[in-house]
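# Structural features, examined
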Amino acid sequence: MSKKNVGFVTLVTITIAIIITLFYEFDLFGVSPSVMMGVRWLSALVLIVNAVTRRNLTTWILTCLILGVFVGLDFPDLAIAMHPLSQGFIKLVKTIVGPILFATLVFGIAGHSDLKSVGRMAWKSMLYFFCATTCAIFIGLAVINITKAGIGVDIEHMPHEELPTTSAVTDADQKVLDHISENVHGVYKFNAFIRDTFPENIVKSVYENKVLQIVIFGVLFGIGLAMVNERKRKPLVDFTESLSEAMFKFTNLVMLFAPIGVGAAMAYTVGHLGVDILKNLFMLLMSLYIALIVFVLLVLFPVALYLKVPVKQFINAIKEPVSIAFATTSSDAALPKAMENMEKFGVPRKIVSFVIPTGYSFNLDGTSLYLSLASIFVAQAAGIDLSIGQQLLIAFTLMITSKGVAAVPRASLIVLIATADQFGLPTFVIAAILGIDELMDMARTSVNVIGNCLATVVVAKWEGEFDETASQNPKFLEDAN
């Protein structure tokens, strides 16, 4: 059967499956659970045939993502037992991050010996990051004030989990904070953040996956290497070029495991939380998804149109890393493929290797939006009426505290707790919404990846170095680096 016929059969099957699912969910025509199970696995069989026919990695990733949902629904214990596969995939991807960042940054800087371009990229990137995340924060505030998702929430029946004991402040810093005036706590924490961006030991930074520290070391090393005479510079430049090429090929090999890792991650999420969790906090979840869609449509999409970015080709370039980010809730898992695809899209390697890693600390659009939305939700659920001025003050605080958020485990949660404490909001509400945090994390991580991929194009266009012809070939993603 041809690809076209298989695609048609798949479309018809999925459409019928969706209709039957709606009948089941709204209790129409007496559809039984056993019938629904049969519909799911018939759909799964058709999706597998479609994936085999197309022989496309992205198709396999999306297919396994859906299969993961089915396994989580029908065999929750098996789904939870599959969690190590998703953890293994993320661990494998993390081995790529350090070497690929170091190699591409050093080669991008020292290979061209244009130190002025590095400075230009830095301030242009930061300006764009600040504008994008500010828009995200205010969109989050606007949507949660319109939907009022927290008002009337039955906190007693929300799923409760223990809050993590992890703190964004180290024990040593906390001792210092205990002995100085509260008036300068903010100054000390900001300076501590600046301090922690500098690598103490590059091997330790790579081991701990400290992206910003690797970026700073790579930039400084690249600048230092660019200042060395040509004879002594060339061997290291050639080495970093070879290393970056090898790591991109290594990425391609690792991505062959992506469908299994993504499917296992989705199966675990549904098996662990169950789909009924959506009903408990439906309004909060939908508010977040609506806000993220609004952000994409009103901020990112107009930016792409204004810069005349080929939107269809851009979507093709990001759909694979975004689907990985959505299923694994890990930006790191999507980073290597995002960098590779944006280079194929026409963004120079030196820009990709600087903007995306830096954006992982300073341009987390989805996370920034979530933090503003969740902060107001906590106040609404607790019955606290915040004035516009108080909400703006929270937004201003989040503009600062959300920067560098990726460097701390479960960092968005920690920042949310810190913000709630600072403004006298009850943290027990945050504990109550932890049950669906992973479902929200899927969406906000995906938007983080989309925003950082677009940021590379913005900076490349701004620098006048975007290759307009690179993505004109429909198979540009299949071309070799």
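Our subject is the structure listed above.
Described below are features of the structure shown in this document. (Residues numbered from 1 in each chain as written. Predicted model: local features only at pLDDT ≥ 70, side-chain atom pairs only at ≥ 80, totals over all residues. Heavy atoms only, no water.)

## Remarks on the overall build of the protein chain
- Regarding its fold elements, the protein chain presents 22 helices and zero strands.
- Counting over 481 residues, the protein chain shows a buried share of 51%.
- A separation threshold of at least 6 residues defines the contact pool for the protein chain, and within that pool the share at least 24 residues apart is 82%.
- When the accessible surface of the protein chain is summed, it comes to about 22500 Å², and 66% of that surface belongs to carbon and sulfur atoms. (Helix = DSSP H or I, 4+ residues; strand = E, 2+ residues; numbered from the N terminus. Buried < 20%, exposed > 50% of the residue type's maximum accessible area, 1.4 Å probe, protein only. Contact = heavy atoms within 4.5 Å. Areas by Shrake-Rupley, 256 points an atom, 1.4 Å probe, with all protein chains shown as cover.)

## Structural notes on the nonpolar core
- In this structure, Phe314, Met342, Phe345 and Leu369 are the most contacted members of the largest nonpolar core, which totals 105 residues.
- Residue contacts for Phe314: discarding those within four places in its chain leaves Val309, Met342, Phe345, Ile450, Cys453, Leu454 and Val457.
- Judged by nonpolar contacts, the second largest core, of six residues, contains Phe102, Val106, Phe107 and Val237. (Core = buried A, V, L, I, M, F, W, Y, C linked by side-chain atoms within 4.5 Å.)

## Considerations on a positive patch on the surface
- On the surface, Lys3, Arg54, Arg55 and Lys475 cluster together into a positively charged patch.
- In this fold, Lys3 is placed in helix H1 (residues 3-25). (Patch = residues over 30% accessible without salt bridge, like charges linked within 9 Å, V, L, I, M, F, W, Y side chains within 5 Å. Salt bridge = Lys/Arg side-chain N within 4 Å of Asp/Glu carboxyl O. Lys, Arg positive; Asp, Glu negative; His and termini not counted. Charge placed at Lys NZ, Arg CZ, Asp CG, Glu CD.)

## Comments concerning the packing of aromatic side chains
- Counted under the stated rule, the structure contains nine aromatic pairs.
- Ring geometry for Phe217 and Phe221: centres 5.9 Å apart, planes at 25 degrees, overall stacked. On the criterion of helical spacing, the pair formed by Phe217 and Phe221 is a turn pair, its members being four residues apart in helix H10 (residues 211-226).
- Through successive ring pairs, a cluster of aromatic residues spans Trp41, Phe70 and Phe75. (Phe/Tyr/Trp six-rings, centres within 6.5 Å; stacked < 30°, edge-to-face > 60°.)

## As for the pattern of salt bridges
- One pass over the structure, following the stated rule, counts 16 salt bridges.
- Across the pair Glu465 and Lys350 runs a salt bridge whose closest N-O atoms are separated by 3.4 Å. In this pair, Glu465 is assigned in the segment after helix H22 (437-463) and Lys350 in helix H17 (residues 349-362), connecting sequence segments 115 residues apart.
- The class for Glu465 is partly exposed, based on a relative accessible area of 26%.
- Lys350 gets classed as buried once you look at its relative accessible area, which sits at 11%.
- Connected through salt bridges with shared partners, the residues Glu320, Lys337, Glu340 and Lys344 form a single ionic network.

## What about unusual backbone geometry?
- The residue Lys148 is not glycine, and still its phi comes out positive at about 50 degrees.
- For Lys148, the position within the fold is in the loop between helix H6 (115-147) and helix H7 (171-178).
- For Lys148, a relative accessible area of 43% gives the class partly exposed.
- Residues other than glycine seldom take positive phi values, yet Lys308 does so here, at roughly 60 degrees.
- Tracing the chain through its elements places Lys308 in the loop between helix H14 (282-306) and helix H15 (311-328).
- On the basis of relative accessible area, Lys308 is assigned to the exposed category, the value being 67%.

## As for helix H16 (residues 331-345)
- A rise of 1.5 Å per residue sets the reference length of H16, with its 15 residues, at 21 Å; its end C-alpha atoms lie 20 Å apart and thus fit the reference within 8%.
- Burial within H16 is extensive, with 15 of its 15 residues counted as buried.
- At the C-terminal side of H16, Gly346 shows a positive phi close to 125 degrees. (Expected span 1.5 Å × (residues − 1).)

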